Every structure is written in structure tokens, then in C-alpha cells.
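# Overview (structure and organization)
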Amino acid sequence: MSEHVEWSEPEGTAPAAGTAAVTPADAADGARLVSFGLQPKLQPARDQEYADLLRRYREDPPFARLADAVATGLGLIVLEVSPRAGMAVTAAEDSVFAVRMGDYARRTSADGGDRFLHGLAHLAVAAMAFPRPEDLADDGYIGRVTVNGVDAFVRQACRRLEERAAEQGENTDPATDAPGLEAAWRIWVRRSATGATKDARRLAGSTTGIIAKAVAFLTESGFLQRTGDDNGGTYRTTARYQLQVRDMAGSAAMAELLELGVVPVTDGTPTLLPPEESDDLELVADAGLPFHSS
């Protein structure tokens, strides 16, 4: 993406030997491909023009450089260009397309105190969907999560963090140089899992309500696909989501969460470790992550 694209020379000036002039039509096609990439639910297999442009990207290096340059100019990072994922892009922090946590929280009507809970929900969904490095590396791997399962995961992880803090004699807020998740999850575990309404509806401010908003947003963004209603809602990952999580996998918070070892995988499906007896975990019976800071 750092290579320069050879544009058409002014009239009367011949292009350098061995290079093909890039025409306005080529530029339009490159921009068109990027526009397809900004429509995450659009599948190349269902759009012939999209599939043709993807094929051209793979077979025509000058066109590929042109499309990459268009994406770079828009503040986008190209994660992958393939038939399975299409033109998968993510927004750089300074891009007009960047989704910031504050903007997302306003979309979900969350107050300022709940914004970090929404961010934690996205982090937990990503960690439970792809709990091992090999899951992220395997293009054929499909992660599966449920709303109740993610909440159980966070609550069990919170118990691990509390035990670790107790062993270190840190029952109060951790020191400034301690991992940030420990303080955040103490608030999560004090929040009701479902809330209480007369008609048994899930409260938006409950932890499962927050997770439900997170997975709904990821579904609307083409990162998850809803597969059922069991356990608060069941979802499977898409190729685009795998690429997004790969991009964030190096974050300190993600690494700390996975190191807790709460979601081992033995058969390709994420599952919780057997929980210890706890009233907290009983709140989520039947139990079965892409923003910039603002």
C-alpha cells in the first residue's frame, strides 16, 4: 500500500516504458471496490460486479495498488481481499469512518458511566469467539457465542480476577500499574444480569442487555450472524469479524482476558470451564471487539 500508482501522464507525454497508464475509469473501479468493502453485509458471491472487481484486484497488481491507495486516502486499512471476506477494511483512528466508543454509547443510549461496560462486552465477545491463537489463524474456524454465555464468561473471569487480587492482598482498587480489567470487572459483577421487570423483559442496562446491544451492533455491521434465540440469542462469526479480531488481538486487555483460561476449546466450540459454586454464576443459567477511544 506504500507503492505509488502511475497516473495518466498529461497529453503529449508518454508513460514510462513497461508501465500502463491508469485511466479515470480505473480509478472509478478502484473506488467502487472500496465502496463495496464499506458494505460489510454485501457478499461477493451474490454480486457479480463485486466478484469481478475482486478478481481483477487479485490478477492485476497495478489495479490492486490503485484500490489500496484509494482506501489509504480514505483512512482505511485493508485487512484482506478475498472471495470469502470481500474487501475487508477497518478504519484508522483518524478516518472519517472510525466508530468511536462515545458514538457507539450514544447509539445505545448508554450514560457515561456505562460506556466502558459496552466496551468490555465487545472485548468479551471477541475473546469468547476466538479463544486461541490457532482459531484466529484458521480461516475455516467459525466461533459461536450466546448472550448468556458471554455474561457467564465475564462473571467467571471476574471471580478469577478477584481471587488473584485477594492472593496479592489487593482487595481495594488495584494500583495504577496493575491490569485495568480488574477494576472494571468489579463494577460488571455488581450489575444485575437481567434486571427485573413485571413481564420478565431484559433491562437495557443489565449486563445481558448490554451484551445483546453489542452483538446486535456486530450483526448489523456484518461481523456476526444470528442463528437462534436460545440462551439470550445465539450467533456465529463471519470472516470479517475474524479479521477484525486478528487486528485487535495484540491489545493488552485482550491478552489479559485470554490468559485467565476461562474458555478452553476442545472440539472447535468455545465453552466455559466448570464453574465453582457461586450465586453470581446462577444469574446466567443455561449459558452456552472494534472501537477507537474518544
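Residues numbered from 1 in each chain as written. Predicted model: local features only at pLDDT ≥ 70, side-chain atom pairs only at ≥ 80, totals over all residues. Heavy atoms only, no water.

### Thoughts on the packing of helix α5 (residues 115–129) against helix α10 (residues 239–248)
Heads up, the condition is: An axis is simply a line fitted to the C-alpha atoms; with a helix, the fit covers only the stretch in contact. Between two such axes, the angle follows the N-to-C directions and lies from 0 to 180 degrees. Note on conventions: DSSP H or I runs of at least 4 residues are helices, E runs of at least 2 residues are strands, and numbering of each starts at the N terminus. Note that the term roughly parallel is reserved for angles under 35 degrees, roughly antiparallel for angles over 145, roughly perpendicular for angles of 65 to 115, and oblique for everything else. Any pair of residues with heavy atoms lying within 4.5 Å of one another is described as a contacting pair. Gly counts as polar in this scheme, as do all residues outside two lists: the nonpolar Ala, Val, Leu, Ile, Met, Phe, Trp, Tyr, Cys and Pro, and the charged Asp, Glu, Lys and Arg.
Packing of α5 against α10 leaves a shortest axis separation of 11 Å and a crossing angle of 110°. Accordingly, the angle class assigned to the pair α5 and α10 is roughly perpendicular. Together, His122, Leu123, Val125, Ala126 and Ala129 of α5 and Tyr241, Val245 and Met248 of α10 make up the contact between the two elements. Partitioned by chemical class, the residues of the contact of α5 with α10 number seven nonpolar, one polar and no charged.

### Brief notes about the packing of aromatic side chains
In plain terms, the rule: Pairing of aromatic side chains requires ring centres within 6.5 Å, counting the rings of Phe and Tyr and the six-membered ring of Trp. Pairs whose planes differ by under 30 degrees are stacked, by over 60 edge-to-face, and all others tilted. Think of it in three bands: with a 1.4 Å probe and only protein chains considered, a residue is buried below 20% of the maximum accessible area for its type, exposed above 50%, and partly exposed in between.
According to the stated counting rule, one finds four aromatic pairs in the structure shown. For the pair phenylalanine 36 and tyrosine 50, a centre-to-centre distance of 4.8 Å together with 25° between the ring planes defines the contact as stacked. Taken as a pair, phenylalanine 36 in helix α1 (residues 24–37) and tyrosine 50 in helix α2 (residues 48–59) lie far apart in primary sequence, 14 residues in all. An angle of 35° between the planes, with centres 6.0 Å apart, marks the rings of phenylalanine 223 and tyrosine 241 as tilted. Taken as a pair, phenylalanine 223 in the loop between α9 (207–220) and β4 (224–228) and tyrosine 241 in helix α10 lie far apart in primary sequence, 18 residues in all. Take phenylalanine 223 and tyrosine 241: they sit in the same class, and that class is buried.

### Describing the pattern of salt bridges
Just so we agree on the cut-off: By definition, a salt bridge exists where a carboxyl oxygen of Asp or Glu is found within 4 Å of a side-chain nitrogen of Lys or Arg.
Applying the stated criterion to the full structure yields 13 salt bridges. Here aspartate 135 and arginine 132 are joined by a salt bridge, their closest N and O atoms 2.9 Å apart. With a relative accessible area of 1%, aspartate 135 lands in the buried category. Looking at arginine 132, the relative accessible area reads 27%, which means it is partly exposed. In the salt-bridge network here, residues are joined through shared partners; they are Asp26, Asp29, Arg56 and Asp60.

### Regarding the pairing of β4
Defined as follows: In this description, strands pair whenever DSSP reports at least two bridges between them.
Bridge analysis of β4 against strand β5 (residues 234–237) gives four bridges, and the strand direction is antiparallel. The partner of leucine 224 across the bridge, within β5, is threonine 237. Taken together, β4 and the strand that follows it, β5, pair antiparallel across an intervening segment of five residues, in which asparagine 231 is found at a positive phi of about 55°.

### Digging into a nonpolar patch on the surface
So the rule is basically this: Here a patch means residues that are over 30% exposed by relative accessible area and free of salt bridges, tied together within 9 Å if like-charged and within 5 Å if nonpolar (Val, Leu, Ile, Met, Phe, Trp, Tyr). The method behind every accessible area is Shrake-Rupley, applied with a 1.4 Å probe, and residues are considered shielded solely by the protein chains displayed.
There is a patch of nonpolar side chains on the surface, built from Leu38, Leu74, Val96 and Phe97 and spanning about 350 Å² of accessible area. On the basis of relative accessibility, which here comes to 36%, the residue leucine 74 falls in the partly exposed class.

### Section: α5
Given 3.6 residues per helical turn, the α-helix brings residues three or four places apart onto the same face. We count it as follows: An expected span of 1.5 Å times one less than the residue number is assigned to each helix.
Over its 15 residues, α5 extends 22 Å from the first C-alpha to the last, a length consistent with the 21 Å expected when each residue adds 1.5 Å. Of all 15 residues in α5, 12 are buried; the element is thus mostly enclosed. Of all the residues in α5, the buried ones are Leu117, His118, Leu120, Ala121, His122, Leu123, Ala124, Val125, Ala126, Ala127, Met128 and Ala129.

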